[in-house]
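Structural features, examined
Here is how the chains run, residue by residue.
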Amino acid sequence: MRYLPLAALGVRIGIALVTSTFFQPDEYYQSLEVAHHLVFGYGQLTWEWLAPKPIRSIVYPALNVPIYWMLKVLDLDGTSALVWGPKLLHGVIAACTDIWLARFTRRVAGERYVGAALFFSLTSFFHGLSLSRSISNSAETSLTTIALSYWPWETNLRGWSSPSSQSPRNDIWKASLFAGLACVIRPTNAIIWVYMFSWLLCTLRKRPADIFWVIFAAFSVGSCLLLVMVALDSLYYGKLTLTPVNFLLTNISSVSIFYGRSAWHYYISQAVPILAMTALPWVLHGAYLATGPTTPNSLKVLLGLIAWTILIYSLAGHKEWRFIHPLLPPMHILASTSFVDGRHVSGTLLARGLFTMLSIPAIVYVALFHGRAQIEVLHYLRFLPPENSVSIGFLMPCHSTPWQAYLHRPDLVEDAMLWALGCEPPLQGQDVTTYKDQTDVFYESPLQYLTTRFPEQVAATFPPSPLPRFMPGLDTGELYPWRHEWPQNLVFFGALLETPGVRQLLLDLGYNEVWKAEYGWEGDDRRKGGVRVWRYM
């Protein structure tokens, strides 16, 4: 395992650098775009950052700030380093999951299972898809893995108050630090630590001195991190801001349901199979083995942690696969016990290895092909000469592409000259069951939207659009107030041209296709047909 850090860094940075596809809007709009806006002074901030009570902390996006600042100082922000710089950072963060998984497995299961756990981790489909991206859940996964690797699993050890480097006292301080950082980045990560601290305190219930050190460490670290977060957020927003409180209040309102409600069994029937993918048979068998009478107590606790977290997350209406990404390393540990100990029920070593590695072609596909056009179009637009890119409008489902963090066009700072359809939730207390955002209104009848909210003719000077998207806090007195001017360039998915009347309208106005790209399969009908750029000629 001497070369594990180099191997993990090579794999995760390599995946980060070659990934050229779109996965989640949060990869850009809750991370890179915010940092770009902070350093360069322009970019698109979503409602989470502009609401009267903002719900996002600046801590996670701020990780990218030193990179952007250095590129700005060195006058390298106009190069491809603008894209590759953050990728390197998040590749390093991703590698921490693999590096500390070895320690985590050694502590919980034993040395003989480390190799199998790392094999599952390095061939994991979901890690390949998400771990190296600039998504807060990915950093949360690394921090949670590190924290669990330092967790005092050996509760029968004495000497918690000893200053020795081998004392559980030091472990609880380290675990509390990384657990606290994970909660700063994703407040919902606290669900994991409610279980872990409850188990630990219950186990130590007859040892008051050790309980004191656990509570003291958790409270001290947690208080310091909370103060730092509040200070940074208040400095960023220019007023006292408690983003965890705002986040909680917003997510217990109807706003979270606006983004979709899933069945109670979503995490069991969809998320766990997708996260585990080819490791699923061993995860399930490992979970079964963990219930055995001779199984180490630490594996039982690990299984309980997975069950508890899935249970609590299942109570929420809005669910996504990535929300339980931090549970994937513990799943890989359970899988390793089956892989190593359950050979008589899981086939030969070669067969098991080859089956698990079936995830690799899927990783290649999602990293290089699925959603690639949504990234490539930004590279095309970035290097268009100013005379061919006076204004650009995106007629797509909201946040379908990155924004200024990839485009980096200071000549297109104004929303009126560079705009996209929005999807703001019902922040004014509207009925979530009947509320429609801009994307909904557009796709209900694209032709009607284009003929009623745009002029009859294209103005050759391409003037600014009066109100291309809704801005949080803006009261127009209208339900659907959007008004546009025809831009020089329109960007949309090819499926839009299949809407009756749209293609002919654009041709009659004087638009023609100048660029297109299409890669792979697309399940959303609105996003089919590749990405097209049409320009007024």
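Residues numbered from 1 in each chain as written. Predicted model: local features only at pLDDT ≥ 70, side-chain atom pairs only at ≥ 80, totals over all residues. Heavy atoms only, no water.

Focus: the nonpolar core
Rule in force here: Side-chain atoms within 4.5 Å are what join buried Ala, Val, Leu, Ile, Met, Phe, Trp, Tyr and Cys residues into a set we call a nonpolar core. Only protein chains enter the accessibility calculation, which uses a 1.4 Å probe. A residue is then buried if its area is under 20% of the maximum for its type, exposed if over 50%, and partly exposed in between. Secondary structure elements follow DSSP: runs of H or I no shorter than four residues count as helices, runs of E no shorter than two count as strands, and numbering proceeds from the N terminus. Between two residues, a contact is recorded if the distance between any of their heavy atoms is within 4.5 Å.
Within the largest apolar cluster, 70 residues are counted, with the highest numbers of intra-cluster contacts made by Trp151, Trp153, Trp193 and Met196. Here the element with the most residues in this core is helix 11 (residues 190-203); it accounts for eight residues. The residues touching Trp193, leaving out its near neighbours within four places in the chain, are Thr144, Ala147, Leu148, Trp151, Ala179, Cys183 and Ser198. Among the nonpolar cores identified, the runner-up in size contains 35 residues, and Leu378, Trp403, Leu412 and Met417 belong to it.

Observations concerning the state of the cysteines
The condition that has to hold: Only a pair of cysteine sulfur atoms within 2.5 Å qualifies as a disulfide here.
In the structure shown here, the tally under the stated rule is one disulfide. The residue that forms a disulfide with Cys398 is Cys423, at a sulfur-sulfur distance of 2.0 Å. Looking along the S-S bond of the Cys398-Cys423 disulfide, the torsion reads about 85°, which is the right-handed sense. Separated by 25 residues along the polypeptide, Cys398 in the loop between strand 1 (392-395) and helix 23 (404-407) and Cys423 in the loop between strand 2 (418-420) and helix 24 (438-444) bring together distant segments of the chain. In this structure, Cys398 and Cys423 share a single accessibility class: buried. Here Cys96 is not disulfide-linked; the sulfur of Cys183 is the nearest cysteine sulfur, at 18 Å.

Observations concerning helix 26 (residues 502-509)
Operational definition: When we speak of the arc, we mean the arc of directions from the helix axis to the C-beta atoms.
Along helix 26, the positions that sit buried rather than exposed are Val502, Leu505, Leu506 and Leu509. One side of helix 26 carries all its buried residues, which in axial view fall inside an arc of 95°. The elements touched by buried residues of helix 26 are helix 25 (446-452), strand 3 (489-493), strand 4 (511-517) and strand 5 (531-536). Of the residues one or two after helix 26, Gly510 is the one with positive phi, at around 110°.

Some thoughts on unusual backbone geometry
Backbone phi values are negative for most residues with the exception of glycine, while trans is the configuration of most peptide bonds. Here the phi dihedral of Asp75 falls at roughly 60°; this positive angle occurs in a residue that is not glycine. Mapped onto the secondary structure, Asp75 falls in the loop between helix 5 (65-73) and helix 6 (81-108). Phi at Met277 is positive, roughly 50°, even though this residue is not glycine. Mapping Met277 onto the fold places it in the loop between helix 15 (266-276) and helix 16 (280-290).

Thoughts on the side chain of Thr337
Counted only if it meets this: In protein, a polar contact requires one atom able to donate a hydrogen and another able to accept it; more generally it is a pair of N or O atoms within 3.5 Å, and residues adjacent in sequence count only if both atoms are side-chain atoms.
Inspection of the secondary structure puts Thr337 in helix 18 (residues 328-341). Given the relative accessible area of 5%, Thr337 is considered buried. Separated by 2.5 Å, the side chain of Thr337 and the backbone oxygen of Leu334 make a polar contact. For Thr337, the contacting residues outside a window of four places in its chain are Ala109, Tyr113, Gly286, Leu289, Leu299 and Gly342.

Some details on helix 10 (residues 168-185)
How we decide: Helices are assigned an expected span. That span is 1.5 Å times one less than the residue count.
Compared with the 26 Å implied by 1.5 Å per residue over 18 residues, the 26 Å span of helix 10 between its first and last C-alpha is a close match. Turning to helix 10, its buried residues number three or more, namely Pro168, Asp171, Ile172, Ala175, Ser176, Ala179, Gly180, Ala182, Val184 and Ile185.

Some thoughts on the environment of Ile146
With respect to the helices, strands and loops of the structure, Ile146 is situated in helix 9 (residues 136-150). Expressed as a C-alpha distance, the spacing of Ile146 and Ser314, which sit 168 residues apart in the sequence, is 25 Å. When neighbours within four sequence positions are excluded, Ile146 is seen to be in contact with Cys96, Trp100 and Phe178.

Looking at the pairing of strand 1
This is how it is decided: A pair of strands is labelled paired if DSSP reports no fewer than 2 bridges between them.
Side-chain alternation along strand 1 places Ile392 and Phe394 on one buried face and Gly393 and Leu395 on a second face that is also buried. As paired elements, strand 1 and strand 2 share three bridges and run parallel to each other. In the sheet register, Gly393 faces strand 2, and the bridge partner there is Trp419. Bridge count between strand 1 and strand 3: four bridges; the pairing is parallel. Within strand 3, the residue paired with Phe394 across the bridge is Val491.

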